[in-house]
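Residue-level listing of the chains:
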Amino acid sequence: MRTSMLKSIIRRTSISGTSRRRFTSGSAPERKVAVLGAAGGIGQPLSLLMKLNPLVSRLALYDIAGTPGVAADVSHINTRSEVAGFAGEEQLGQALEGADIVIIPAGVPRKPGMTRDDLFNINAGIVKSLCTAIAKYCPRALVNMISNPVNSTVPIAAEVFKKAGTYDEKRLFGVTTLDVVRAKTFYAGKARVNVAEVNVPVVGGHAGITILPLFSQATPTANLSDEEIEALTKRTQDGGTEVVEAKAGKGSATLSMAYAGAIFADACLKGLNGVPDVVECSFVQSNVTELPFFASKVRLGENGVEEVLGLGQLTDYEKKGLEALKPELLSSIEKGIKFANAN
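A quick note: this is a predicted structure, and the numbers were derived from the prediction, not measured.

About the cut-offs
Residues numbered from 1 in each chain as written. Predicted model: local features only at pLDDT ≥ 70, side-chain atom pairs only at ≥ 80, totals over all residues. Heavy atoms only, no water. Helix = DSSP H or I, 4+ residues; strand = E, 2+ residues; numbered from the N terminus. Buried < 20%, exposed > 50% of the residue type's maximum accessible area, 1.4 Å probe, protein only. Areas by Shrake-Rupley, 256 points an atom, 1.4 Å probe, with all protein chains shown as cover. Lys, Arg positive; Asp, Glu negative; His and termini not counted. Charge placed at Lys NZ, Arg CZ, Asp CG, Glu CD. Salt bridge = Lys/Arg side-chain N within 4 Å of Asp/Glu carboxyl O. Contact = heavy atoms within 4.5 Å. Expected span 1.5 Å × (residues − 1). Axes fitted to C-alpha atoms, helices over the stretch in contact; angles between N-to-C directions. Left-handed = near helix turned anticlockwise from the far one by under 90°. Nonpolar A, V, L, I, M, F, W, Y, C, P; charged D, E, K, R; others polar. UniProt positions renumbered as here; feature names shortened; annotations may be inferred.

The next subject is the overall build of the protein. Looking only at helices and strands, the protein features 11 helices and 11 strands. When the backbone C-alpha atoms are referred to their principal axes, the protein occupies close to 55 × 50 × 40 Å. Per-residue burial over the protein gives 55% buried out of 343 residues. Taken as a whole, the protein presents about 14,500 Å² of accessible surface, with 50% of it coming from carbon and sulfur. Mean positive and mean negative side-chain charge positions of the protein (38 and 34 charges, respectively) differ by 5 Å.

See below:
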């Protein structure tokens, strides 16, 4: 694949509401992006995709081990950003200093039979440690949380930042973009429309029934039956499990998650750079429902979240799904808060 084709992967991609205006490397501001967990299954392809993004001028890759090799490999790609690798806790501060965006895919992956809750005890501790360092070394950075379970790790991060006195709800995001990517792909296949033209908002959370795609608001519109909508909803909710089972115990959704993470980071960069009308779905502090955190469409800007958008008109099926997800999502949020405050 030619370099020009690789560069176009991100530049040609547009998620719901994102402006099609593009920056060239000559006009874009200096932006440092740090990837924490860069040597892992998500981190490596994510690092590659961020190296292809012309809006990134410095790319810091951090993990507990293996990062110098990943950084050396990625650094040979002839794109704008300068790459540096950092390994071990003693180098975490260097990786974070001056970062505009911190992306966190660190943690253990899902395995067959493992729920996102099963991941909690391991990944919660990792997230807490990394966020403590973020609060110290780059408290103004936009934090893109990929580490699962996102429904709990985002509240953990918020509590860590509150204790450090650095919390800004506009700068903390749970990356739910993979749910949008899946919903768009599945909808396009069923509706027989061009997937590049599809938009589907996905709200709620980022696990199982807390994932609520709003297919009634999908564009282009399609005359799908109630049964088809229900099947699409179920498949979107179970997308992660579908990949875990297909890989037969040898991995989880790493490549598609890296793609989704790169798309969301690109939107954040555009927002920071003043591109208008950048809208993505994300799990953020919210007043859209009675829950303290909730995923919905968010307008991004120079300060992170510029506006948390409402849910719009829902069908009866979607209203039922919304009420069904609330207890589970609240439980996951409270679990994260409790962990952060108890440890």
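Still to come is the rest of the account.
Turning next to the pattern of salt bridges. Tallying each qualifying case throughout the model produces 12 salt bridges. Arg 80 is the salt-bridge partner of Glu 30, the closest N and O atoms lying 3.3 Å from each other. Of the two residues, Glu 30 sits in the loop between α1 (3-11) and β1 (32-36) while Arg 80 sits in the loop between α3 (67-75) and β3 (82-87), which places them 50 residues apart along the sequence. When its relative accessible area of 59% is taken as the criterion, Glu 30 is described as exposed. For Asp 168, the salt bridge is made with Arg 171, and the minimal N-O distance between the two is 3.4 Å.

For Ser 47, the location among the structural elements is in helix α2 (residues 43-51). Given the relative accessible area of 0%, Ser 47 is considered buried. Look past the residues within four positions of Ser 47 in its chain and what remains in contact with it is Val 35, Ala 38, Leu 59, Leu 61 and Val 74.

Okay, the environment of Gly 93 next. Mapped onto the secondary structure, Gly 93 falls in helix α4 (residues 92-96). By relative accessible area, which is 8% here, Gly 93 ends up buried. Counting along the chain gives 205 residues from Gly 93 to Val 298, while the straight-line C-alpha distance between them is 30 Å.

What follows deals with helix α7 (residues 177-191). The terminal C-alpha atoms of α7 lie 21 Å apart, and with 15 residues this matches the ideal 21 Å at 1.5 Å per residue to within 8%. Burial analysis of α7 places 12 of its 15 residues in the buried class, which makes it a mostly covered element. Within α7, burial applies to Thr 177, Leu 178, Asp 179, Val 180, Val 181, Arg 182, Ala 183, Lys 184, Phe 186, Tyr 187, Ala 188 and Ala 191. Each element contacted by the buried residues of α7 is listed here: β7 (202-204), β8 (211-213), α8 (226-237), α9 (239-246), α10 (255-272) and β9 (278-285). After α7 finishes, the residue Arg 192 shows a positive phi value of roughly 60°.

Within the secondary structure layout, Lys 136 lies in helix α5 (residues 120-137). In this structure Lys 136 comes out as exposed when scored by relative accessible area, which is 62%. Spatially, the C-alpha atoms of Lys 136 and Arg 192 are 49 Å apart, while their sequence positions differ by 56 residues.

We now examine the packing of α7 against α8. Contact pair α7 / α8: the axes reach a minimum separation of 9 Å and the direction vectors enclose 145°. Helix-helix and strand crossings are classified by hand; for α7 and α8 the assignment is right-handed. Residue-level inspection shows Asp 179, Ala 183, Phe 186, Tyr 187 and Lys 190 of α7 in contact with α8, the latter providing Glu 228, Leu 232, Arg 235 and Thr 236. Of the residues assigned to the contact of α7 with α8, the class counts are 4 nonpolar, 1 polar and 4 charged.

Turning to the UniProt feature "domain: Lactate/malate dehydrogenase C-terminal" (unreviewed entry) in the protein, a few remarks are in order. Feature annotation in UniProt places "domain: Lactate/malate dehydrogenase C-terminal" (unreviewed entry) on residues 176-339, given in this structure's numbering. End C-alpha to end C-alpha, residues 176-339 measures 22 Å, and it is 47% helix and 17% strand.

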